[in-house]
Amino acid sequence: MIEVKKTFDLHGIDPLIFLGMNDSNLKIIQKHFDAKITVRGQNVILSGDEETVQQIENLLSELIFHINKFKKLDRQDVETAIRLIQIDKPPEHTKKELDSVILFTDSGYIRPRTEGQLKYYKSVQKNEIAFAIGPAGTGKTYLAVAMAVQFLKSKRVKRIILSRPAVEAGESLGFLPGDLREKIEPYLWPLHDALNDMLPQAKLKRLIEDNIIEIIPLAYMRGRTLNNAFVILDEAQNSSTLQMKMFLTRLGPNSRSIITGDITQVDLHDKSQSGLIQIQHILKGIPGIDFIYMESTDIVRHRLVKDIIKAYDKYNAGGGNSSAAGAALKSTGKSAE
């Protein structure tokens, strides 16, 4: 019989919970399977015949989902899972599904839901800088924040920096109430919303107070060097060329960055000066930097969002505002001034 050797990732699970007191959970698993099982940090190394190793992988996947859901693993949980695996009942969760999970939350887990999102996720694992460009509703920001939290939880980085340009989108900051921080805060709410979905409120508050998570306007990034950090620039289509250069040159050792944006929604007065539009040509082909283009098929918001975006694309392709406005004026008997 051919022996195989595989390494199984515990996906950020606390090894002490998985192993149990005095390795009690591990001993139960070893008693039921004729294979060598070694735990080193976040990795479980399996050696045995192919069928047995596959059974153990199925078991470990189930146990990881259980730990993330119930925050515990006791002897009865382990024995129940082993019994189901050994009577050849199809596992509820497979290793393939587990490998696509970005982050476990109190309400479930976050994983890519479309081919474009999966490509996005895989790119971030391989590249130090990833640009996610596409329409609203494709999960660019939400998945970026989830990946940042996952990197922080697994201690691959020491902090998270989330940033957005505070560009006026039809409203003037001067007319908003409050001081500068209060005026800027509404621009940063989408980032807060994503974090609130992924972390318990008390823990999130503590991480922000300790500056382990920072949510700041893009202008506040100047002069900083960001080491051991996961850095996200959201709504990057509203950054200027100089701002984009400033942001990208903030990265220090062991840092990773995601830049997201929709080049069809530029709020700058001169759209040609969008840093996100220009950077596609400037950085093209550099190893460690990747551009991922999301499509309308990747939209995961309300079903009507996809139809709305398609309608706008069709409208703009047909001549947009000028032809439509002319037709509307003609129908009312008025002339354009």
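Scroll up to find the structure.
The structure reproduced in this document is the subject of the present report. (Residues numbered from 1 in each chain as written. Predicted model: local features only at pLDDT ≥ 70, side-chain atom pairs only at ≥ 80, totals over all residues. Heavy atoms only, no water.)

Things to note about the pairing of strand β7 (residues 159–164)
For a regular strand, the rule is simple: side chains alternate between the two faces of the sheet. This is how it is decided: Relative accessibility thresholds used throughout: buried, under 20% of the residue-type maximum; exposed, over 50%; partly exposed, between the two (1.4 Å probe, protein chains only). Runs of H or I in DSSP of at least four residues are treated as helices and runs of E of at least two as strands, each being numbered from the N terminus. Pairing between strands is defined by DSSP: at least two bridges between the two strands are required.
Burial analysis of β7 places five of its six residues in the buried class, the great majority of the element. Pairing of β7 with strand β9 (residues 229–233), which is carried by five bridges, proceeds in the parallel orientation. Pairing of I161 across the sheet is with V231, part of β9. Bridge count between β7 and strand β8 (residues 213–217): five bridges; the pairing is parallel. Bridge pairing in β8 links I160 to I213.

With respect to the environment of A136
Counting through the fold element by element, A136 comes out in the loop between β6 (129–133) and α7 (140–153). Using a relative accessible area of 23% as the deciding quantity, one classes A136 as partly exposed.

Here's the deal with the layout of surface pockets
Under the convention used in this document: Using only the protein atoms, space was sampled on a 1 Å grid; points where a 1.4 Å probe fits but cannot get out form cavities, open sets with protein on both sides within 12 Å along at least five of seven lines form pockets, and lining residues are those with an atom within 4 Å of a point. Grid points are joined across faces, edges and corners, and a volume is the space filled by probe spheres set on the points. Side-chain classes are defined by residue name, with Ala, Val, Leu, Ile, Met, Phe, Trp, Tyr, Cys and Pro counting as nonpolar, Asp, Glu, Lys and Arg as charged, and the others, Gly among them, as polar.
In this model, the largest pocket occupies a volume close to 840 Å³. Taken together, 28 residues form the lining of the largest pocket, with H11, G12, I13, Q150 and K153 sitting closest to its centre. Elements supplying a minimum of two residues to the lining of the largest pocket: α3 (50–70), β4 (103–105), α6 (115–126) and α7. With three residues, the top contributor of residues to the lining of the largest pocket is β4. Among the residues making up the lining of the largest pocket, the classes are represented as 11 nonpolar, eight polar and nine charged.

Looking at the sheet that holds β9
Here is the rule we go by: Axis definition: a line fitted to C-alpha atoms, limited for helices to the stretch in contact. Angles are taken between N-to-C directions and run from 0 to 180 degrees. It only takes one pair of heavy atoms within 4.5 Å for two residues to be counted as in contact.
Read from one edge to the other, the open sheet built from six strands follows the order β8-β7-β9-β10-β6-β11, with strand pairing classed as parallel. Two strands in the sheet have a free side with no partner beyond their single neighbour: β8 and β11 (289–293). Taken over all neighbouring pairs, the strand axes of this sheet differ in orientation by 15 degrees on average, direction set aside. Looking at chain direction, β6 and β11 are connected through five bridges and run parallel. In the sheet register, A130 faces β11, and the bridge partner there is D290. Strands in contact with α6 are β6, β9, β10 (256–261) and β11; relative to β10, the strand with the most contacts, it is inclined by about 150 degrees.

Focus on the packing of α6 against α7
Stated precisely, the cut-off is as follows: Should the near helix be turned counterclockwise from the far one by less than a right angle, the crossing is left-handed, whereas a clockwise turn marks it as right-handed.
Packing of α6 against α7 leaves a shortest axis separation of 11 Å and a crossing angle of 35 degrees. Seen along the crossing, α6 lies across α7 with a hand that is right-handed. Across from Q117, Y120, Y121, V124 and Q125 in α6, the residues of α7 making contact are K140, L143, A144, M147 and F151.

A short note on the side chain of D77
What counts, and what does not: As used in this structure description, the phrase polar contact means that two N or O atoms lie within 3.5 Å; if the pair is within protein, one of them must be able to donate a hydrogen and the other to accept it, and residues adjacent in sequence are counted only when both atoms belong to side chains.
Looking at the element boundaries, D77 is found in helix α4 (residues 75–86). Its relative accessible area of 17% is what places D77 among the buried residues. A distance of 3.1 Å separates a polar atom in the side chain of D77 from a polar atom in the side chain of K72. Every residue in contact with D77, bar those within four places of it in the chain, is listed here: L63, H66 and K72.

Side note on the pattern of salt bridges
The condition is simple: Within this document, salt bridges are pairs made up of a side-chain nitrogen of Lys or Arg and a carboxyl oxygen of Asp or Glu, the two lying within 4 Å of each other.
Applying the stated criterion to the full structure yields 10 salt bridges. Because the salt bridges share partners, they merge into one network encompassing K72, D74 and D77.

Description of the packing of aromatic side chains
Where we set the bar: Each Phe, Tyr or Trp ring (for Trp, its six-membered ring) is paired with any other whose centre lies within 6.5 Å, and the angle between the two planes then decides the class: stacked below 30 degrees, edge-to-face above 60, tilted in between. Note on geometry: a ring has a charge over it if NZ (lysine) or CZ (arginine) is within 6 Å of the ring centre and within 35 degrees of the ring normal.
Taken as a whole and assessed by the stated rule, the structure comprises five aromatic pairs. On the numbers, 5.3 Å between centres and 80 degrees between planes, the contact of F65 with F104 is edge-to-face. Here F65, found in helix α3, pairs with F104, found in strand β4; they are 39 residues apart in sequence, far enough to count as distant. With respect to burial, F65 and F104 carry one shared label: buried. Centre to centre, the rings of F65 and Y109 are 5.4 Å apart; their planes meet at 75 degrees, and the pair counts as edge-to-face. Residue F65 is found in helix α3, and its partner Y109 is found in strand β5 (residues 108–110); the two are separated by 44 residues along the sequence. Given the relative accessible area of 7%, F65 is considered buried. One aromatic cluster in this structure is built from F65, F104 and Y109. Directly above the ring of F151 sits R156, whose terminal nitrogen or CZ lies 3.8 Å from the centroid.

Focus on the sheet that holds strand β3 (residues 43–49)
One open sheet holds the three strands; their spatial order is β1-β3-β2, and the pairing between them is antiparallel. At either end of the open sheet lies a strand with only one pairing partner, and these are β1 (3–9) and β2 (36–40). If you compare each strand with its neighbour and ignore which way they point, the axes differ by 15 degrees on average. For β1 and β3, the ladder comprises seven bridges, and the chain directions are antiparallel. Within β3, the residue paired with D9 across the bridge is N43.

Digging into a nonpolar patch on the surface
To keep it simple, the criterion reads: A patch consists of residues whose relative accessible area exceeds 30% and which take part in no salt bridge; residues with like charges are grouped when within 9 Å of each other, and nonpolar side chains (Val, Leu, Ile, Met, Phe, Trp, Tyr) when within 5 Å. Residue-level accessible areas treat just the shown protein chains as cover; the underlying method is Shrake-Rupley with a 1.4 Å probe.
Together, L304, I308, Y312 and Y315 give the surface a local cluster of nonpolar side chains, amounting to about 400 Å² of exposed area. Along the chain, Y315 falls in helix α12 (residues 303–317). Classification of Y315 by relative accessible area gives partly exposed; the value is 33%.

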